[in-house]
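Architecture and fold: a report
What follows is the residue order along each chain.
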Amino acid sequence: MTVLLLLAIGLLIGAVLGLTGAGGSVIAVPLLLVLLNLDPVSATGLALGVVAVSSLYGSVQRIRQREILWIPAILFGASGAIFAPMGRLLATQISPQALTAGFSALSLLIALRMLWQSIHDPQNSAVIRAGGGDSTNEALLCRFSDTQQFDWRFRCMAGLTSGGVLTGLLSGLFGVGGGFMIVPFLNQLNSVSMRSAVATSLVIITAISASGFAAHIAMYSTDWHQLLYLSIGGVGGMLLGSLLARWLAGVYLQRLFAIAILAMAALILVR
């Protein structure tokens, strides 16, 4: 029964990543806390592991399709990977109650942002993050030239690096992959399609989650059997989510996902 439960949780995590390019860990941590009765540190550590494996699978698929923006991926991913272990170390200095409350607060912010975007910016919300479409955001942080050469402006480099640092810290601290921050950052790039933003996000999530998980296993024991079954389910869910993204509509899916995040946050608070 436990094996089936682990596979089901992994499947859901991967499906969320496949559908939205983000949010897998925000779903994973509450499920691991409640259904498996894990402590917050173990739950966030396992979440980092399964998200790293699932995102790696998704990244390989996107590499084959040549959708990844490698310069932003390296800048954002490297800075995030450096700081993720620091976030994991910081988690050891915080009580389980405070860690749970902090995760719930972060989940609330993510859900409210998604709901706000679905209401006030439905054009971007209507594009399934894993399903393609172009971003029309004009508040540009970075630019590409007409020949698709990356513009190495200081503001762009600093923004991507700062975003990586913040995402890495939050990832290590709360066990989240950080896609909820990465995709909006990448959408500040000129002429970048949503498909490219998500593909690049998956590479960054892989680097940051893997770094955070490496720091976790250096400090704590890990149930590798649990991680194995979660990862098998996660890869299957990633494939399923990517396929379903072709038919599911964006605005209502985003609102449903935001409500699910709110429900998960409330669940772990009353646990």
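Note that this is a predicted model, so its numbers are computed, not measured. (Residues numbered from 1 in each chain as written. Predicted model: local features only at pLDDT ≥ 70, side-chain atom pairs only at ≥ 80, totals over all residues. Heavy atoms only, no water.)

**A look at the overall build of the protein chain**
The criterion, for reference: For helices the rule is a DSSP run of H or I covering at least 4 residues; for strands it is a run of E covering at least 2, with both sets numbered from the N terminus onward. Contacts are residue-level and defined by heavy atoms, with any inter-residue pair within 4.5 Å sufficient. Every accessible area reported is derived by Shrake-Rupley at a probe size of 1.4 Å, with residue values counting cover from the shown protein chains alone.
Regarding its fold elements, the protein chain presents 11 helices and 0 strands. When the helices and strands of the protein chain are read in sequence order from the N terminus, they spell out α-α-α-α-α-α-α-α-α-α-α. Counting contacts in the protein chain only where the partners sit at least 6 residues apart, residues at least 24 apart contribute 79% of the total. If you sum the accessible surface of the protein chain, you get close to 11800 Å²; carbon and sulfur atoms cover 68% of it.

**Section: the packing of aromatic side chains**
Heads up, the rule is: Two rings belonging to Phe, Tyr or Trp (six-membered ring only in the last case) form a pair when the distance between their centres is within 6.5 Å. Interplanar angles under 30 degrees mark stacking, angles over 60 mark edge-to-face geometry, and anything in between is tilted. Relative accessible area decides the class of each residue, using a 1.4 Å probe on protein chains only: under 20% of the type maximum gives buried, over 50% gives exposed, and in between gives partly exposed.
Applying the stated criterion to the full structure yields 1 aromatic pair. Measuring from centroid to centroid gives 5.9 Å for Phe213 and Trp224, while their planes differ by 85°, and the two rings are edge-to-face. Here Trp224 lies in helix H10 (residues 224–244) and Phe213 lies in helix H9 (residues 194–219), a separation of 11 residues in the sequence. Take Phe213: its relative accessible area is 10%, and that puts it in the buried class. For Trp224, a relative accessible area of 49% translates into the label partly exposed.

**Overview of unusual backbone geometry**
Although it is not a glycine, Asn37 sits at a positive phi angle of roughly 55°. Relative to the elements of secondary structure, Asn37 occurs in the loop between helix H2 (24–35) and helix H3 (40–64). On the basis of relative accessible area, Asn37 is assigned to the exposed category, the value being 59%.

**Remarks on the environment of Phe83**
Mapped onto the fold, Phe83 is located in helix H4 (residues 70–91). Relative accessible area serves as the criterion here: at 26%, Phe83 is assigned to the partly exposed category. Sequence separation between Phe83 and Ser211 is 128 residues; the distance between their C-alpha atoms is 8.6 Å.

**A few points about the nonpolar core**
Rule in force here: Grouping buried Ala, Val, Leu, Ile, Met, Phe, Trp, Tyr and Cys residues that are joined through side-chain atoms within 4.5 Å yields what is termed a nonpolar core.
Leu32 and Phe174 are the most contacted members of the largest nonpolar core, which totals 59 residues. With 8 residues, the top contributor of residues to this core is H9. With sequence-adjacent residues up to four places away left out, Phe174 is seen in contact with Val29, Thr44, Leu99, Gly102, Phe103 and Leu106.

**What about the side chain of Thr222?**
You can see Thr222 is positioned in the loop between H9 and H10. If we ignore the near neighbours within four places in the chain, the residues touching Thr222 are Leu46, Phe213, His216 and Ile217.

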